[in-house]
Amino acid sequence: MSFTRRQILAGLSGLAVLGLGAGGAARYWLGRNEAATTHDYELIAAPLDVELVPGFQTPAWAFGGSAPGQELRVRQGDWLRVRFTNRLPVPTTIHWHGIRLPLEMDGVPYVSQMPVLPGESFIYRFRVPDAGSYWYHPHVASSEQLGRGLVGPLIIEEREPTGFVHERTLSLKNWHVDEQGAFLPFSIPREAARNGTLGRLSTINGVANPTVELPAGQIVRLRLLNLDNTATYRLNLKGAGEARLYALDGNPIEPRPFGKDYWLGPGMRVCLALRVPAAGEEIALRDGPVRLGTFRAVAVDGQTGDWPAPLPPNPVAEPDLASAEKLNFNFEWVGSTAAAGVDAPPSLWQINGVAWDINDKTCADRPIARLERGKSYIFELKNMTQYQHPVHLHGMSFKVIRSNRRKIIPYFTDTFLLGRNERAQVALVADNPGTWMFHCHVIDHMETGLMAAIQVT
Ligand code: C2O
Ligand code: CU
Ligand code: CU
């Protein structure tokens, strides 16, 4: 599918009636209303200086006046409308990670829409079928755009109130900045050929090593989102308090103890219930042995709550494993850092022998798999490399069913962290027509080959 600028502009003017004047930050157009079934935001992407390193400015790019971006909230089953305006010096788009939506709203340049040019607007409008923690980010020049801060949480509230009274959104991001807050390269070929180019400053909601106050004795829903380009966090909690896992990547699971370490790859999310200890106590949120932030319990009035009931399942179609067709996807390392052309990125990775060329607008015209709408499929994911890859699919959720490396309790997700040399099976019903990106969410792996298109017709 291809678009002309003319079609895109014509499409926009029809909707221009929704427009309001420019504003600094994202906000509801009409204010919040309990009965509302649409949630309307005006969202602007623009340069913004932020203080990540005390005493220094970092020239970030921000959605809605903050980096990470403004938190958008919608109720499950309702419409989200975002009038997006690009005030950056470069073209961009917004992709809604994990949301099952029509292709035209998916934010992939030249597949879903033309890039939104500087000064232009685009209206994203879709219904959100699933509750949970999701996020949004551009799908153009991703190393730089996500690296500079264009990432934001998208929270879909359950239709009915859950047993949770308190919640916090914690967006993790590791910035590519030096000691003076200046940006370092977002992607270095030598690193892209390995684990990906890591940032140097870990933050939670844009703050390095913050202290987050939580109500003592209460149960708090913690939404932990990995919005980083590269880092896989080995999340663990140290200190008093007890935590249970309630949802993985947006989708509810049967609650279970948080356990020792949870590996949260780029793009992944986890929803925890934390029983906050007595006032004055602290809990460290850590990445392996490294502290990312501190929870401090502060006294509040109110009864100590009990563990909430499991969250209601999302309406994702159950794949029929007996009739499912098997497809193999091999993730391979090519390992030549020689660039294909002068300005072309090197081609380092392949799926089934094909490397995606991030600068070639026609790659999506050559999908590596064609699925029949309504049929069930099992994808056999085979990692033939020494590096882990958070494998992500647009447009549909899939069920993780098996791995040769660990015990899997089957669950639905949009991103699966495929370990080194791991072989895993995921299954889905191909119920959303379109051409969907299927890629590693380590951004510089994606930009050096580890992406493909899967077509559903
Ligand atoms: Cu967060 Cu192509 O995705
Ligand atoms: Cu996505
Ligand atoms: Cu990867």
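Residues numbered from 1 in each chain as written. Chains lettered and ligands numbered in written order. Predicted model: local features only at pLDDT ≥ 70, side-chain atom pairs only at ≥ 80, totals over all residues. Heavy atoms only, no water.

1. What about the overall build of the protein chain?
We count it as follows: Secondary structure elements follow DSSP: runs of H or I no shorter than four residues count as helices, runs of E no shorter than two count as strands, and numbering proceeds from the N terminus. A simple rule labels every residue: compare its accessible area, found with a 1.4 Å probe on the protein chains alone, to the largest value its type can have, and call it buried under 20%, exposed over 50%, or partly exposed in between. Exposure was quantified through the Shrake-Rupley algorithm and a 1.4 Å probe, taking into account, for residues, occlusion by the shown protein chains and nothing else.
Looking only at helices and strands, one finds four helices and 31 strands in the protein chain. The buried share among the 457 residues of the protein chain stands at 57%. Carbon and sulfur atoms provide 51% of the accessible area of the protein chain, an area that totals close to 18300 Å².

2. Section: the confidence of the model for the protein chain
Applied cut-off: Scored from 0 to 100, pLDDT records how confident the predictor is in each individual residue. In what follows, a contact means two residues having at least one pair of non-hydrogen atoms within 4.5 Å.
The predicted model of the protein chain averages 91 in pLDDT, with 90% of residues at 70 or higher. Counting interchain partners and residues more than four positions distant, the pLDDT-below-50 stretch residues 1-35 has 59 contacts.

3. So, the coordination of the copper ion (ligand 3)
Applied cut-off: Donor atoms (N, O, S) are those found within 2.8 Å of the metal centre, with the cutoff raised to 3.2 Å for Na, K and Ca; water is not part of the atom list, so apparent gaps in a site can occur.
H389 (ND1), C440 (SG) and H445 (ND1) make up the full set of protein donors to the copper ion (ligand 3), lying at 2.0 to 2.1 Å. Sequence positions of the residues that donate to the copper ion (ligand 3) give the spacing H-x50-C-x4-H. Of this pair, H389 sits in strand β25 (residues 389-393) while H445 sits in helix α4 (residues 443-446), placing them 56 residues apart in sequence. The pair H389 / H445 is uniform in exposure class, with both members buried.

4. Overview of the coordination of the copper ion (ligand 2)
Coordination of the copper ion (ligand 2) by the protein comes from H95 (NE2) and H392 (NE2), over a distance range of 1.9 Å. Of this pair, H95 sits in strand β6 (residues 95-97) while H392 sits in strand β25; the two residues are 297 residues apart in sequence, bridging distant segments of the chain. Each of the two residues, H95 as well as H392, counts as buried.

5. Considerations on the pairing of strand β7 (residues 121-127)
Note the following rule: In this description, strands pair whenever DSSP reports at least two bridges between them.
The buried fraction of β7 is high, at five of seven residues. Pairing analysis gives seven bridges linking strand β5 (residues 79-86) to β7, with the strands arranged antiparallel. In the strand pairing of β7, T85 is matched with S121.

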